[in-house]
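Residues per chain are reported as follows:
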There are 2 protein chains.
Amino acid sequence: MNDIISICNSVLSRIKPTEAEKSRLATLAESIILRINAIAEQESISASAQLVGSSARGTWISGEHDLDIFIMFQPDVERKELEEKGLYIARKIAGESQSFEERYAEHPYIHAIFDGFEVDLVPAFKVERASEIKSAVDRTPFHNIYVSSMIKGLEDEVLVLKQFLKGIGVYGSELKTQGFSGYLVELLVINYGSFVKVLENACEWKSGISIDIEKHGTLVHKDPMIVVDPTDPARNVAAVLSLNNMCVFMDMACEFLKNPDEAYFSVKTVKPLDDKSFNDILKARGTSLLAIEFATPDVVEDVLFPQLYKVRESIHEMFERYDFHVYNKSVWAQKTAVVLFELESSKLPHVKRHTGPQVWAKEHAQAFKSKYTGSDTFSNVFIRDGRFMVEIPRKYDRAKKLVESEILNCALGKHIASSIKKEFHVLEDEEILNIKDNEFRKYLRNFFEK
Amino acid sequence: MNDIISICNSVLSRIKPTEAEKSRLATLAESIILRINAIAEQESISASAQLVGSSARGTWISGEHDLDIFIMFQPDVERKELEEKGLYIARKIAGESQSFEERYAEHPYIHAIFDGFEVDLVPAFKVERASEIKSAVDRTPFHNIYVSSMIKGLEDEVLVLKQFLKGIGVYGSELKTQGFSGYLVELLVINYGSFVKVLENACEWKSGISIDIEKHGTLVHKDPMIVVDPTDPARNVAAVLSLNNMCVFMDMACEFLKNPDEAYFSVKTVKPLDDKSFNDILKARGTSLLAIEFATPDVVEDVLFPQLYKVRESIHEMFERYDFHVYNKSVWAQKTAVVLFELESSKLPHVKRHTGPQVWAKEHAQAFKSKYTGSDTFSNVFIRDGRFMVEIPRKYDRAKKLVESEILNCALGKHIASSIKKEFHVLEDEEILNIKDNEFRKYLRNFFEK
């Protein structure tokens with residue numbers, strides 16, 4: 001236990017913002033809020049600014065220079081009006097920043113850089129209760145109120161847990177990561193009381209674990225982990241968390257408690273995979289690798305990754321439908337996007353058994369027999385297990401050809417479909433080495449080594 | 001319909017025994033029966049002979065020179081005494097034949113050749129009712145009584161149906177064939193009234209069809225076809241009939257009624273497959289063929305084939321357990337026996353994903369992680385779908401090696417196990433051409449063409 005305390009203290013000394021850093025952030029936040037309120041008054045817009053998120057709760061990690069500033073409108077305002085006037089104010093204040101861009105989640109917001117801080121300026125409705133929200137972001141101010149009232153004295157525990165989750169690679173509720181959100185971390189600490197107690201409990205979790213701090217949950221969720229939102233009884237704060245990431249945390253929690261080590265709090269560095277190692281690994285494994293490469297569509301990651309996962313599943317289903325056996329699958333995206341499959345083999349026999357109707361299904365049976373009798377088959381029509389069958393030439397006996405010919409019949413998602421329609425490449429085995437990108441080569445090493 | 005009548009007449013003219021042939025058979029049967037009864041009297045054995053089977057019912061096909069002669073004992077005789085005294089008489093009369101041998105079914109009997117006729121001399125109990133039989137053969141005399149009383153005038157219908165079933169390859173209730181027994185054919189004709197009516201009905205059958213002429217069935221059977229024995233309400237006469245053979249008959253019945261043709265009544269001749277055709281076929285199919293060859297054990301086919309089928313299933317299960325994908329399987333036996341498999345591929349990747357316990361299954365999880373951490377694996381231990389996994393070297397990546405190493409761990413049946421323990425060969429692809437036997441080559445053609 002002493003080990004753990006000294007490790008946590010050492011970690012904290014690295015990640016806890018200094019008083020100077022806190023004061024820089026507070027000063028910047030205050031000045032932006034004042035400017036927003038001033039602009040609103042000038043323009044006779046009934047809106048006011050508010051700092052939310054970890055920076056408002058004292059649970060942000062040093063160097064994480066993110067500010068979430070909400071521009072709050074009354075709930076009776078039309079959605080269109082909120083978007084127009086909210087963006088009007090946001091653009092105006094962002095005009096004073098180093099740089100900014102418009103982004104789109106459920107509705108548009110502005111992402112700007114002030115003084116090296118990343119500031120999100122988000123129009124939202126100021127509803128009475130979290131259950132009455134008109135847009136997902138409207139919940140955030142309620143989270144702010146709840147956490148602020150409960151977290152006093154536990155901020156350091158939150159910081160250490162966040163850093164632990166970052167170190168083991170499961171922090172962040174983006175749809176790419178599907179890990180633990182900052183709010184979820186705060187609720188776990190509030191529920192269990194400390195970093196170590198969260199770990200002790202996590203080590204005993206099972207899939208389906210349910211935490212309901214306010215004991216007011218109203219819905220049954222099927223997610224691997226259910227943490228009922230203290231501000232909204234119908235919502236699962238852990239809805240985005242994948243079973244994999246939950247399990248990784250459980251496993252690492254147990255391991256850390258057994259053998260505490262500061263290394264858990266640092267992201268592992270990965271060496272890019274060189275050509276020779278790639279060829280050696282592939283030869284030793286004896287599998288076939290297939291990469292589908294295309295230009296990454298210009299959308300935010302929360303739009304891109306669900307589409308990439310959908311493409312991965314959809315191509316996987318197509319492989320199985322055409323009798324190719326999938327061992328592993330994965331996606332990667334930077335400038336180009338890659339959907340990667342490891343197959344038992346990229347070749348199948350040319351012959352394929354085609355199963356027809358039951359012998360007693362008169363009309364179907366007759367149609368089947370007429371179709372295949374005397375046509376270009378490997379066998380006569382025969383009977384097996386009460387059904388007519390025939391052995392026919394397989395349409396695709398090479399995985400590469402299958403993907404090249406049929407990918408547009410897969411469910412691809414809007415943006416990826418339009419990118420693939422323009423151009424895509426299917427790379428097989430050593431052809432994959434044409435992708436020289438260092439980040440891709442790191443990803444490849446992880447793909448093999450796990 | 002005129003077509004069918006003239007076809008049936010033409011078939012009958014080929015297969016119906018002539019008066020001269022009938023009289024030769026009757027004379028031989030009578031003389032053997034008289035000799036048996038005389039021997040029994042001489043030796044003070046209380047037993048009497050009886051002609052049973054198709055030769056007793058006038059439902060035998062010309063040239064089929066089989067006589068079933070039962071030596072009937074009272075049911076209070078001990079089994080041992082029946083076997084000893086029955087065989088004593090049988091051996092004595094067989095001593096006057098051209099040649100004979102002892103065979104074993106449920107109990108021993110003598111198979112002898114008299115005058116070119118194959119005569120089975122079978123000791124049996126003369127029980128009161130078929131439901132009281134002490135051995136399976138005791139039923140036969142009851143079948144004889146029942147059929148004889150019902151079949152008058154329908155004998156030709158039986159002959160034609162038998163020949164049809166022979167022509168399409170599904171006649172015979174041996175465990176090798178799993179087709180229609182002679183008794184089953186007689187009951188179908190009795191039930192439906194004629195050859196054509198049997199075919200018309202068979203064309204409408206479904207799996208699970210049930211026929212109970214005496215409406216006295218007492219058991220629920222799960223067989224594809226149930227024909228309750230008119231002499232034993234608990235027995236399914238069609239128990240041996242396989243779903244495949246039933247379906248082949250249904251299909252051929254429909255086809256024949258649509259396009260009557262005398263060709264249905266002749267066994268198709270098959271050309272042996274030559275080396276070049278074999279290689280061409282294998283190359284075109286793109287599959288791998290594996291033959292396990294061993295000396296055929298010296299047992300009757302009804303003992304041999306169930307063991308061969310068991311070996312086929314047991315090796316099939318082993319292939320699947322080791323991730324090899326089986327396309328087709330089959331057995332063949334003459335002097336040597338062959339279990340033949342067509343595989344999607346005889347090679348697998350060297351890497352294999354090994355699935356471990358659920359992450360929350362504490363002790364198992366710990367053992368799994370200890371076992372595979374730092375050992376000779378392709379990957380680290382990782383988590384997928386809530387379970388620990390690891391990628392390890394596959395024990396057998398060649399199907400041939402798997403069979404050579406593990407066949408003795410398969411369920412082989414007593415006689416085949418002892419033959420394989422002495423010697424066996426696994427032949428792959430063109431190595432199979434080392435089996436030059438013409439019958440095997442015909443079988444190979446059927447294996448591919450169906």
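Residues numbered from 1 in each chain as written. Chains lettered and ligands numbered in written order. Predicted model: local features only at pLDDT ≥ 70, side-chain atom pairs only at ≥ 80, totals over all residues. Heavy atoms only, no water.

Chemist: I'm lost on the overall build of chain A in this one. Help?
Modeler: A count of helical and extended segments in chain A gives 15 helices and 15 strands. When the 450 residues of chain A are sorted by exposure, 50% land in the buried category. For chain A, the proportion of contacts with a sequence separation of at least 24, taken over those separated by at least 6, is 65%. Accessible area of chain A: about 20,800 Å², with a carbon and sulfur share of 49%. Considering chain A, the positive charge centre built from 57 side chains and the negative charge centre built from 68 side chains are found 6 Å apart. (Helix = DSSP H or I, 4+ residues; strand = E, 2+ residues; numbered from the N terminus. Buried < 20%, exposed > 50% of the residue type's maximum accessible area, 1.4 Å probe, protein only. Contact = heavy atoms within 4.5 Å. Areas by Shrake-Rupley, 256 points an atom, 1.4 Å probe, with all protein chains shown as cover. Lys, Arg positive; Asp, Glu negative; His and termini not counted. Charge placed at Lys NZ, Arg CZ, Asp CG, Glu CD.)

Chemist: What exactly am I supposed to notice about the domain arrangement of chain A here?
Modeler: How big an interface is tends to be expressed through the accessible area that disappears when the partners come together. Residues and elements named next belong to chain A. Here the domain parsing of chain A yields domain 1 (17–131), domain 2 (151–265), domain 3 (275–347 + 397–449) and domain 4 (351–393). Relative placement of domain 2 and domain 3: their C-alpha centres are 32 Å apart. Surface buried jointly by domain 2 and domain 3 totals about 440 Å² across both partners, of which 56% is contributed by carbon and sulfur atoms. Here domain 2 and domain 3 share one salt bridge between them. Here Lys-176 and Glu-301 are joined by a salt bridge, their closest N and O atoms 3.8 Å apart. Summed over the shared surface of domain 2 and domain 3, the number is two residue pairs in polar contact (both at pLDDT 80 or more). Along the lines of polarity and charge, the residues of the side of domain 2 that touches domain 3 split into one nonpolar, one polar and two charged. (Domains from an automatic or database assignment. Buried area = accessible area lost by both parts, 1.4 Å probe. Salt bridge = Lys/Arg side-chain N within 4 Å of Asp/Glu carboxyl O. Polar contact = N/O pair within 3.5 Å; in protein donor to acceptor, adjacent residues only side chain to side chain. Nonpolar A, V, L, I, M, F, W, Y, C, P; charged D, E, K, R; others polar.)

Chemist: How should I be thinking about the pairing of strand 14 (residues 387–393) of chain B in this particular structure?
Modeler: Two faces, one strand: in a regular strand the side chains alternate between the faces of the sheet. Residues and elements named next belong to chain B. Burial of strand 14 is extensive: five of the seven residues sit out of reach of the surface. Two strands pair when backbone bridges link them, and strand 12 (residues 351–358) and strand 14 are joined in this way by six bridges, in the antiparallel orientation. Bridge pairing in strand 14 places Lys-352 opposite Ile-392. With three bridges joining them, strand 13 (residues 382–384) and strand 14 adopt antiparallel strand pairing. From the neighbouring strand, Arg-384 faces strand 14, where its bridge partner is Arg-387. (Pairing = 2+ DSSP bridges.)

Chemist: Can you help me understand the pattern of salt bridges in this one?
Modeler: Any two side chains of opposite charge can pair, so long as their charged atoms come close to each other. Residues and elements named next belong to chain B. Summed over the entire model, instances satisfying the criterion amount to 66 salt bridges over all chains. Glu-83 is the salt-bridge partner of Arg-79, the closest N and O atoms lying 3.8 Å from each other. One end of the pair is Arg-79 and the other is Glu-83, both in helix 4 (residues 79–94) and four residues apart, which spans about a single turn. For Arg-79, a relative accessible area of 32% gives the class partly exposed. According to the relative accessible area criterion, Glu-83 is partly exposed, its value standing at 23%.

Chemist: Can you help me understand the relation of the copies chain A and chain B in this one?
Modeler: The relation between the two copies of this chain is a rotation about an axis and a shift parallel to it. Rotating chain A by 180 degrees about the axis while translating it 0.0 Å along that axis superimposes it on chain B, leaving an RMSD of 0.1 Å. In symmetry terms, the pair is related by a two-fold rotation axis. Within chain A, the C-alpha atom positioned nearest to the axis of rotation is that of A:Ser345, 4.7 Å from it. (Least-squares fit on C-alpha atoms with pLDDT ≥ 70 in both.)

Chemist: Any chance you could explain unusual backbone geometry here in plain terms?
Modeler: A negative phi angle characterises most non-glycine residues, just as the trans form characterises most peptide bonds. Residue and element names in this part refer to chain B. Positioned with a positive phi, Asp-115 is a non-glycine residue whose angle comes to about 60 degrees. Position of Asp-115 among the secondary structure elements: in the loop between strand 4 (108–114) and strand 5 (117–125). Even without being glycine, Asp-385 reaches a positive phi, approximately 55 degrees. Residue placement: Asp-385 occurs in the loop between strand 13 and strand 14. Taking relative accessible area as the criterion, Asp-385 reaches 61% and is therefore assigned exposed.

Chemist: Before we go on, may I ask you to explain the environment of A:Ser13 in this structure?
Modeler: All names here are of chain A. Of note, Ser-13 is situated in helix 1 (residues 2–15). Residue classification places Ser-13 among the exposed residues on the basis of a relative accessible area of 61%. Along the primary structure Ser-13 and Gly-193 are separated by 180 residues, whereas in three dimensions their C-alpha atoms are 21 Å apart. One polar contact links the side chain of Ser-13 to the main-chain carbonyl oxygen of Ser-10, over a distance of 2.6 Å.

Chemist: For this particular structure, what's the right way to read the packing of aromatic side chains?
Modeler: For any pair of aromatic rings, the description consists of the separation of the ring centres together with the inter-plane angle of the planes. By the definition in use, this model includes 42 aromatic pairs over all chains. Between A:Phe256 and A:Phe265, the aromatic rings sit 5.7 Å apart at their centres with planes inclined by 85 degrees, giving edge-to-face as the arrangement. For A:Phe265, a relative accessible area of 0% translates into the label buried. An aromatic cluster is present here, built from A:Phe164, A:Phe180, A:Phe195, A:Trp205, A:Phe249, A:Phe256, A:Tyr264 and A:Phe265 joined pairwise through their rings. A cation over an aromatic ring shows up here: A:Lys450 above the ring of A:Phe447, its NZ or CZ 5.6 Å from the ring centre. It is A:Lys450 that lies over the ring of B:Phe382; its NZ or CZ is 5.2 Å from the centre. (Phe/Tyr/Trp six-rings, centres within 6.5 Å; stacked < 30°, edge-to-face > 60°. Lys NZ or Arg CZ within 6 Å of the ring centre and 35° of its normal.)

Chemist: Can you help me understand the interface of chain A and chain B in this one?
Modeler: With 47 residues of chain A in contact, the opposing surface of chain B contributes 47 residues. For the pair chain A and chain B, the two sides together bury roughly 3,800 Å², of which 53% comes from carbon and sulfur. Among the residues of chain A in contact with chain B, A:Arg285, A:Trp360 and A:Lys450 are the three that bury the most area, contributing 16% of the side total. Counting across the interface, chain A meets chain B through 10 salt bridges. A salt bridge links B:Asp251 to A:Lys369; the shortest N-O distance between them is 2.4 Å. Mapped onto the side of chain A that touches chain B, the elements with two or more residues apiece are helix 9 (243–258), helix 10 (275–285), strand 10 (326–333), strand 12 (351–358), helix 12 (362–372), strand 13 (382–384), strand 14 (387–393) and helix 15 (438–449) of chain A. The element best represented in the side of chain A that touches chain B is helix 9 of chain A, accounting for nine residues. Of the residues assigned to the side of chain A that touches chain B, the class counts are 19 nonpolar, 11 polar and 17 charged.

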